[in-house]
Protein chains: 2
Amino acid sequence: MGQQPITFLRQVMALCTYPNLLDSPSFPEDAKKRARRILQACGGHSLGSYSASQGVNCIREDVAAYITRRDGGVPADPDNIYLTTGASDGISTILKILVSGGGKSRTGVMIPIPQYPLYSAVISELDAIQVNYYLDEENCWALNVNELRRAVQEAKDHCDPKVLCIINPGNPTGQVQSRKCIEDVIHFAWEEKLFLLADEVYQDNVYSPDCRFHSFKKVLYEMGPEYSSNVELASFHSTSKGYMGECGYRGGYMEVINLHPEIKGQLVKLLSVRLCPPVSGQAAMDIVVNPPVAGEESFEQFSREKESVLGNLAKKAKLTEDLFNQVPGIHCNPLQGAMYAFPRIFIPVKAVEAAQAHQMAPDMFYCMKLLEETGICVVPGSGFGQREGTYHFRMTILPPVEKLKTVLQKVKDFHINFLEKYA
Amino acid sequence: MGQQPITFLRQVMALCTYPNLLDSPSFPEDAKKRARRILQACGGHSLGSYSASQGVNCIREDVAAYITRRDGGVPADPDNIYLTTGASDGISTILKILVSGGGKSRTGVMIPIPQYPLYSAVISELDAIQVNYYLDEENCWALNVNELRRAVQEAKDHCDPKVLCIINPGNPTGQVQSRKCIEDVIHFAWEEKLFLLADEVYQDNVYSPDCRFHSFKKVLYEMGPEYSSNVELASFHSTSKGYMGECGYRGGYMEVINLHPEIKGQLVKLLSVRLCPPVSGQAAMDIVVNPPVAGEESFEQFSREKESVLGNLAKKAKLTEDLFNQVPGIHCNPLQGAMYAFPRIFIPVKAVEAAQAHQMAPDMFYCMKLLEETGICVVPGSGFGQREGTYHFRMTILPPVEKLKTVLQKVKDFHINFLEKYA
């Protein structure tokens, strides 16, 4: 999508990969310092060695220090940090630990609708029960605790709900949860003894000036010891999103709070079967949590590059919302965070019938027509889940501004045409 | 263990990581050529983008070309190649596809004893049935088809044997299978309609002058169409072993033959949940299958480094076998391949009783004593499985020659002492 890598991150990675470069005058000293520190902590001072299954020690320490800074001093323990192969790996591993096999009462896992399909796929892979709670589209996709209550009560008839998954900022829905809402969710999890699974991979991607990212960990601690000593929480982060977008390195971590020591032992055992997460991805994660600071040689360039990516994303979020809302038959909530628009689209009855004739979901039919007529690929809402009778698609806002404008204009023209054609 | 990375591999990786280096005169042209080719095939020409879940196309093509060369012209199809997060990931993914859930007749998976514990762990994770077949220690750990027949017949009473796992060269046992033996195994798999899973990650690690690596794929094709069109086979390779030893990058591939197209579809779906294997590991795999060739700038240095690692390993394999066989109460089969010695050790009755008093397996007791008295860490045979009443340990031969000599001398002294102490 044209987004350039953050120079500092790639410099440190290149130095770690080929340490001969540590003698090269073309690399800044702060990058060399980071690379030496990472290599020092690696077996044989090399990215090529296996690490401990939980990840390289000093990187887990850097992650803990990052979380402590992010959460205004709420302590983080490196022993609770697990480096992972992207966030997906962490999420599926924790779910595997939490879902108990077979028996009459299968494990229920609560997920938002719309959801990111990793959740439904892993739940199905583990033979657990997917328990849907619906986000409130009329209210900017907010999470409403009454809806959680409804969902858990209904689920108890046919399964044992044990896990509550939250995606904040939301994917595909782009909402950023308020502090109050997070408190309510934590209280609900405490009441119902649910394990909280907070997917916070978009924590750096908040655009609306009236929104802020609040981590579940921080709010949990601020709610006092009754919560912070009892509510079990796993939260996830990744090198793939934010301003860095380094998806290919498959870097990530999870922080796990209040997990019983015996279960922690099982978790490490499970992780050790696959030996370790890629050490190159661990190194990338280190740079994300330990970036240049004021006074360091690379600080200015790093900050400029980071602000440019995030500033552009904010601009594109607004642009997308505004344009979609000018189109008759499209309604788009504010893109408060993450990287996607998830507009609601009106699909005329005749188009629904045409879709049925092709044995396609109506929004799938719509997206295929869009692809055929414009070459633009978006994902139908039915892939994420949506309230019955409503239709959506997910579109990324990653393309460069000018390209995105063209894309939006083409979608608009297509949509108007589509409405006419099936009027 | 002191083994240095292969320069060419790290040069290409550094160029891919930080493409500014493509302008640097300090990197050889053939490394730049490889890096440009890999980047050209990556999304956004960057290791930082997700790849297709099956892996980068041109890397799968290079893997297929490598297999074709290795197997003397037997064709390999890039569509049958799946890049993986190390071989472990490939093995567990294929097993997940092959093991059908629950029901009265659980899936039996045949594995060698001694085995590499990934197999028993994944089988247990998947709730499948582990079906042991014993390697023949008296015959250099050879695989005997009569033993396969015994194992499968007995297993049929309580499960449905569907998969036969082979590790060649063997881990922890170091044997290299003869061509005749591979033919027998393939014929047996054909008779019993078993899916063959050939763990061939040590294919470059063959030391005995009278042994050669034969791939299951090649033998399968040479046995004619009745076999090559019917026997289902997955074989695995990795960047972690061989002469490169790049474990940390988690690079690997599997080649899957005769898999039903619908199952292939399920396989890709399963892989796509975790998005893609690390692209840096994929790039490392590419360099392994597409190394410098005669006439290229880096060929001489690359060949020297490769031969040095493999030559040293061969020397250390012989050294280890010879020294162990001089010690009373230790018997060590020839280390024909892989990276380990798996000597049989005599443990006196009094030591067995002392172990029982500590609620330890006798070889665990032995290994703990060795660790405490010498600081040398080896893995007890009970971690890999062994015939009842026999004891072993696995020791790597990776340390540099002089260090390995010291290690072996210390193990020898310890063992003689141990025999005296518990006589």
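Conventions and cut-offs
Residues numbered from 1 in each chain as written. Chains lettered and ligands numbered in written order. Predicted model: local features only at pLDDT ≥ 70, side-chain atom pairs only at ≥ 80, totals over all residues. Heavy atoms only, no water. UniProt positions renumbered as here; feature names shortened; annotations may be inferred. Salt bridge = Lys/Arg side-chain N within 4 Å of Asp/Glu carboxyl O. Buried < 20%, exposed > 50% of the residue type's maximum accessible area, 1.4 Å probe, protein only. Contact = heavy atoms within 4.5 Å. Buried area = accessible area lost by both parts, 1.4 Å probe. Polar contact = N/O pair within 3.5 Å; in protein donor to acceptor, adjacent residues only side chain to side chain. Helix = DSSP H or I, 4+ residues; strand = E, 2+ residues; numbered from the N terminus. Nonpolar A, V, L, I, M, F, W, Y, C, P; charged D, E, K, R; others polar. Least-squares fit on C-alpha atoms with pLDDT ≥ 70 in both. Axes fitted to C-alpha atoms, helices over the stretch in contact; angles between N-to-C directions. Parallel < 35°, antiparallel > 145°, perpendicular 65-115°, else oblique. Left-handed = near helix turned anticlockwise from the far one by under 90°. Pairing = 2+ DSSP bridges. Expected span 1.5 Å × (residues − 1). Domains from an automatic or database assignment.

Chain A goes by alanine transaminase in an unreviewed UniProt entry, where it is assigned to Colobus angolensis palliatus. Regarding chain A, the relevant UniProt record gives this comment under Cofactor (unreviewed entry): "pyridoxal 5'-phosphate".

**Q** Would you take a moment to explain the pattern of salt bridges for this structure?
**A** Side-chain pairs of opposite charge can arise where the charged atoms are in close proximity. Residues and elements named next belong to chain A. In this structure the tally under the stated criterion is 47 salt bridges over all chains. Of the charged contacts in the structure, one is a salt bridge between D71 and R70, with a shortest N-O distance of 2.9 Å. Given a relative accessible area of 22%, R70 falls into the partly exposed group. Salt bridges linked by common partners bring R179, E183, K218 and E222 together as one network.

**Q** Even after reading the chapter, I still don't get the interface of chain A and chain B, so can you show me in this structure?
**A** The extent of an interface is frequently quoted as the accessible surface area lost upon association of the parts. The partner chain B presents 42 residues to the 42 residues of chain A that form the contact. Between chain A and chain B, a total of about 3200 Å² is buried, with carbon and sulfur atoms accounting for 56% of that surface. Of all residues in chain A, the largest losses of buried area upon contact with chain B belong to T17, Y18 and E125 of chain A, amounting jointly to 18% of the total for that side. Here chain A and chain B share four salt bridges between them. A salt bridge links E125 of chain B to R274 of chain A, with the shortest nitrogen-to-oxygen separation between them at 3.4 Å. Linking chain A to chain B there are 24 residue pairs in polar contact (both at pLDDT 80 or more). For the side of chain A that touches chain B, the secondary structure elements donating two or more residues are α1 (7-17), α4 (86-98), α5 (118-125), α10 (261-273) and α11 (279-289) of chain A. Sort the elements by how many residues they give to the side of chain A that touches chain B and α1 of chain A lands first, with seven residues. When grouped by side-chain class, the residues that make up the side of chain A that touches chain B number 22 nonpolar, 13 polar and seven charged.

**Q** How should the relation of the copies chain A and chain B be read in this particular structure?
**A** Both copies of the chain are related by a screw-like operation: a rotation about an axis and a shift along it. By a simple turn and slide, chain A fits onto chain B: the slide is 0.0 Å along the axis, the RMSD is 0.0 Å, and the turn is 180°. Taken together, the rotation angle and the small translation identify this as a two-fold axis. Closest approach to the rotation axis within chain A is made by the C-alpha atom of A14 of chain A, at a distance of 2.4 Å. A shared binding surface is used by both copies, with 100% of the interface residues of chain A retained as interface residues in chain B.

**Q** Even after reading the chapter, I still don't get the packing of helix α12 (residues 299-326) of chain B against helix α15 (residues 401-421) of chain B, so can you show me in this structure?
**A** How two helices sit against one another is set out by the angle between their axes and by the gap between those axes. Residue and element names in this part refer to chain B. Put simply, α12 and α15 touch, their axes get as near as 10 Å, and they point 15° apart. When the axis of α12 is compared with that of α15, the two are roughly parallel. Between α12 and α15 lies a crossing of right-handed hand. Only V401, L404, K405, L408, Q409, V411 and K412 of α15 make contact with α12, whose side of the interface consists of N312, K315, K316, L319, T320, L323, F324 and Q326. Here the contact of α12 with α15 is composed, by residue class, of seven nonpolar, four polar and four charged.

**Q** Would you mind going over the sheet that holds strand β11 (residues 379-380) of chain A with me for this structure?
**A** The pairing of strands in a sheet comes from backbone hydrogen bonds and takes either a parallel or an antiparallel form. Residues and elements named next belong to chain A. The sheet built from three strands is open, its strands ordered β9-β12-β11 with antiparallel pairing. Unpaired on one side and paired on the other, β9 (340-341) and β11 mark the two borders of the sheet. Pairing analysis gives two bridges linking β11 to strand β12 (residues 393-396), with the strands arranged antiparallel. Within β12, the position partnered with P380 by the bridge is F393.

**Q** What should I look at first to understand helix α14 (residues 362-374) of chain A in this one?
**A** Every α-helix carries 3.6 residues per turn, so stepping three or four residues along brings you back to the same face. All names here are of chain A. Compared with the 18 Å implied by 1.5 Å per residue over 13 residues, the 18 Å span of α14 between its first and last C-alpha is a close match. All of the buried residues in α14 are P362, D363, F365, Y366, C367 and L370. Buried residues along α14 sit against β10 (344-345), α13 (349-357), β11, β12 and α15 (401-421). Trailing α14 by a residue or two, G375 shows a phi angle of about 80°, which is positive.

**Q** So what exactly am I meant to see when it comes to the domain arrangement of chain A here?
**A** All names here are of chain A. When its domains are assigned, chain A resolves into domain 1 (50-289) and domain 2 (314-421). Summarising the inter-unit geometry, the C-alpha centres of domain 1 and domain 2 are found 29 Å apart. Listed per partner, the contact involves 27 residues of domain 1 and 21 residues of domain 2. Our count for the contact surface shared by domain 1 and domain 2 stands at two salt bridges. Residues E138 and R344 are paired through a salt bridge, measuring 3.6 Å at the closest nitrogen-oxygen approach. The interface formed by domain 1 and domain 2 includes 12 residue pairs in polar contact (both at pLDDT 80 or more). Among the residues forming the side of domain 1 that touches domain 2, the class breakdown is 14 nonpolar, nine polar and four charged.

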